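Examination of the molecular architecture
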Amino acid sequence: MISQIPNLEVDNAQAVEELIESESSHQEVIETVISSLDQDNTAMVSHTDDGSLWKFQYGSVEVFVQLTGESDQDLLTVWAGVLKLPAKNEPGLMRKLLEMNWSGTFETCFSIQNDRVVVSSQRTVADLHPKEISRIVTLVANIADDNDDLLQAEYGGS
């Protein structure tokens, strides 16, 4: 079932701190973080037996957050597309992406998924702290939004 997430209009840091104290589930933390980043109230969520998938608009990118469950072996994956492939000068693009991975992506990285360059981050849920969820979602959203226009202008469509 797909449903819209209510926009909570809260300060991200304050909301995450409150969730830490209340021992909320990872799903609740994700929804609070997304609500704090989703300025245009675009967030949607789909819950299935395989987990939950959220999407929301952040600046000029669509961000996806997937949680496969709450056990230690489950995964949190966050990604946002920045460029469709094929692209102009793909060898130059790949070099640029590798250099960017080294110098400024923190816990995220540039990857290729289904003929799209994406910014992504993934980790197991084991010992996952609410602040880490906030950091991962925020980093992916910001790095993707900061780089999509530049990459599209230089390498977009062949």
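Computed from a predicted structure; not experimentally measured.

This brings us to the environment of histidine 129. Tracing the backbone through its elements, the reader meets histidine 129 in the loop between β7 (116-124) and α4 (130-155). Residue histidine 129 is classed as partly exposed on the basis of its relative accessible area of 34%. Considered as a pair, histidine 129 and valine 29 are 100 residues apart in the sequence and their alpha carbons are 9.5 Å apart.

Glancing now at the environment of valine 78. By the element assignment, valine 78 lies in strand β5 (residues 75-84). Valine 78 sits 44 residues away from glutamine 122 along the chain, and the two C-alpha atoms are 6.4 Å apart. Not counting residues up to four positions away in its chain, the partners in contact with valine 78 are Val63, Phe64, Val65, Val119, Ser120, Ser121, Ile136, Val137 and Val140.

The next subject is helix α2 (residues 26-37). Because each turn of an α-helix spans 3.6 residues, side chains separated by three or four positions in sequence point in the same direction. Here α2 contains 12 residues, and its C-alpha end-to-end distance of 17 Å stays within 8% of the 16 Å for a straight helix at 1.5 Å per residue. When you tally the buried positions in α2, you get nine out of 12 residues, the bulk of the element. Burial in α2 covers these residues: His26, Val29, Ile30, Thr32, Val33, Ile34, Ser35, Ser36 and Leu37.

Spanning 26 residues, α4 covers 36 Å between terminal C-alpha atoms, matching the ideal 38 Å at 1.5 Å per step. Residue asparagine 147 marks the point of greatest curvature in α4, where the axis turns by about 35°.

Time to look at the side chain of serine 35. Locating serine 35 in the fold gives a position in helix α2. Here serine 35 falls in the buried class, since its relative accessible area comes to 5%. Looking at serine 35, its side chain comes within polar contact range of the main-chain oxygen of glutamate 31, at 2.9 Å.

Among the 10 residues in β5, eight count as buried, and that is most of the element. With five bridges connecting them, strand β4 (residues 61-67) and β5 associate as antiparallel partners. Its bridge partner lying in β5, leucine 67 is registered against leucine 76. Across nine bridges, the pairing between β5 and β7 is antiparallel. When the sheet's bridge partners are listed, tryptophan 79 is paired in β7 with serine 120.

Criteria and cut-off values
- Residues numbered from 1 in each chain as written.
- Predicted model: local features only at pLDDT ≥ 70, side-chain atom pairs only at ≥ 80, totals over all residues.
- Heavy atoms only, no water.
- Helix = DSSP H or I, 4+ residues; strand = E, 2+ residues; numbered from the N terminus.
- Buried < 20%, exposed > 50% of the residue type's maximum accessible area, 1.4 Å probe, protein only.
- Contact = heavy atoms within 4.5 Å.
- Expected span 1.5 Å × (residues − 1).
- Bend = angle between axes of the 7 residues up to and from the residue.
- Polar contact = N/O pair within 3.5 Å; in protein donor to acceptor, adjacent residues only side chain to side chain.
- Pairing = 2+ DSSP bridges.

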